[in-house]
Amino acid sequence: MQYQIPKGLFDILPYGAENPWQLSEKWHYIESIIHKVALDYGYKEIRTPIFERTELFIRGVGETSDIVSKEMYTFLDKAERSMTLRPEGTAPIMRAFIENNLSSLGKLHKLYYFEPMFRYDRPQAGRYRQHHQFGVEAIGNTSFEQDAEVIDLMLEVYRRTNLKNITLLINTVGDAESRKNFKRALQEFLQPSLLNLSKDSQERFDKNPLRILDSKDEKDIEILKTGPNIFDYLTSRSKNHFTSLLKFLDNLKISYKIDQKLVRGLDYYDNTVFEAVSSDLGAQSSLGGGGRYDKLLSNFGGPDLSGIGFGMGIERLLQTMIKQNSPFPSESFPFVYFIPLDETAKEICFKLASELRHMQIPTEIDLTSQKIQKGLQNANKLGALNCVILGEEELKINKAQLKNLANRSQEEIDLDKLVELIQNQYQNFKGLKHV
Ligand code: HAM
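Residues numbered from 1 in each chain as written. Predicted model: local features only at pLDDT ≥ 70, side-chain atom pairs only at ≥ 80, totals over all residues. Heavy atoms only, no water.

Q: Would you mind going over the site of the ligand in detail, with residue names and values included?
A: Around the ligand, the structure places 26 residues, and the nearest of them are E88, R264, Y268, Y269 and S286. Between the ligand and R119 there is a distance of 2.9 Å, counted from an oxygen atom to a side-chain nitrogen or oxygen. Taking H131, its side chain carries an N or O atom lying 3.4 Å from a nitrogen atom of the ligand. Protein burial of the ligand: of its 660 Å² of free accessible surface, 95% is covered by the chains. No other element matches the six residues that strand 10 (residues 286-293) contributes to the shell around the ligand. Here the residues of the shell around the ligand sort into seven nonpolar, 12 polar and seven charged. (Near = heavy atom within 4 Å. Polar contact = N/O pair within 3.5 Å; in protein donor to acceptor, adjacent residues only side chain to side chain. Areas by Shrake-Rupley, 256 points an atom, 1.4 Å probe, with all protein chains shown as cover. Helix = DSSP H or I, 4+ residues; strand = E, 2+ residues; numbered from the N terminus. Nonpolar A, V, L, I, M, F, W, Y, C, P; charged D, E, K, R; others polar.)

Q: Run through the sheet that holds strand 9 (residues 270-278), naming residues and quoting values.
A: By definition, the strands of a sheet pair up through backbone hydrogen bonds, in either a parallel or an antiparallel sense. Pairing is mixed across the open sheet formed by eight strands, whose spatial order is 1-5-6-11-10-9-7-8. Each end of this open sheet is capped by a strand with a single partner; those strands are strand 1 (44-45) and strand 8 (257-258). Pairing geometry for strand 9 and strand 10, over six bridges, is antiparallel. Residue V273 lies in a different strand from strand 10, and its bridge partner there is G291. Sitting on the sheet, helix 1 (residues 24-40) is in contact with strand 1, strand 5 (109-118) and strand 6 (130-139), with an inclination near 160° to strand 5. (Pairing = 2+ DSSP bridges. Contact = heavy atoms within 4.5 Å. Axes fitted to C-alpha atoms, helices over the stretch in contact; angles between N-to-C directions.)

Q: Go over the packing of helix 1 against helix 5 (residues 144-160), please, and point to the residues and values.
A: Contact geometry of helix 1 with helix 5 gives a least axis separation of 10 Å together with a crossing angle of 140°. On the basis of their axis angle, the class for helix 1 and helix 5 is oblique. As for how helix 1 packs across helix 5, the hand of that crossing is right-handed. Contacts between helix 1 and helix 5 pair Y29, I33, K36, V37 and D40 from the former with L153, E156, V157 and R160 from the latter. (Parallel < 35°, antiparallel > 145°, perpendicular 65-115°, else oblique. Left-handed = near helix turned anticlockwise from the far one by under 90°.)

Here it is in structure tokens:
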């Protein structure tokens, strides 16, 4: 029987991947950028478990959201408690924040995460049932400058990965009072056309009318054209927050596009919401998105602190980079590749290789072939820079052949000088390459 990976999942492989974004080396590169960006902006990593109690997401993300109503991987554990594989990172972080009493340790908490998420979505390009997100949550500062920092951080990842044609969409969903008034106006406006709306929008009419705004249905879009505008229903605090943020972004020369249809699919947002989209991603154009949440922590019984954060999809980021031919660092390769030609040589090569490895020099040893041609083929396949060949002839005179695979030059080196020589060559190489 042949086992197959469940639909919507993928492996990340060292080589042989169907798509280049599934290569582990590319993931390592992105991970290194992410940890560095987070560090440069003063964010600290938090890791939460892969599953949580189901109520956490129902309460946090919202019962009527697509994530909770359609997409959760929920199961009963052996004690019949309902558990859910994490579909998003914000609610678990709020739980961990409260449970570990982090608010007692300072006023502002700048947290980040890099984690797999699980959503029972309809799989297609850019949409998977397990995807990975880099996200941040800044908790404890209500100011618009904090929004700007979080947005700038998100964009910095795209800058450092050389992404082009990224548009920052921004909107406000106001505070609870603004939304209450706007929802009422929207429902009054839509009521006469209710039966002409798409089925999804009809379902959302009572429970979550704001989500009708981001409907992709053409009829819905047409009906909404003359509908009310959230800006007319904002409380003065919400209006000030948004206009101050836009002005601040202007001063920082961060360009954005106001998108009044942007409401986001999670129910916890207040005021600022934003999304980075790429025209190179096709239907799943959202590279990352987030927003401010004022009541999430207090709804969970925690302190009355406001937060702002985002999550960015790593698969989509890698896919866009590859599509745009963004540079990736050169692949890892052995600096030296040992080819022992008999058992005695193998033991000596193994010792030398270990010494070099302990010096953190990438080293490979051919433990199987014991043939020069085969060994050289393997070395070339791996992109090795140098080869050490050791056989009976060399052992007799206590020397080894050191071959430079780039310029094909070869010299005979005393075995007891070999490690030092390679170490020096590696230092020079590192200096040249800035490894
Ligand atoms: P989200 O918009 O649901 O936000 O997801 C964030 C990003 O994850 C999306 O922009 C997209 O790049 C990626 N993504 C989402 N679903 C999938 C999928 N099925 N396959 C591949 N990529 C996907 C959140 O999850 C919020 N927790 C973000 C946030 C943090 N808001 C405030 N703080």
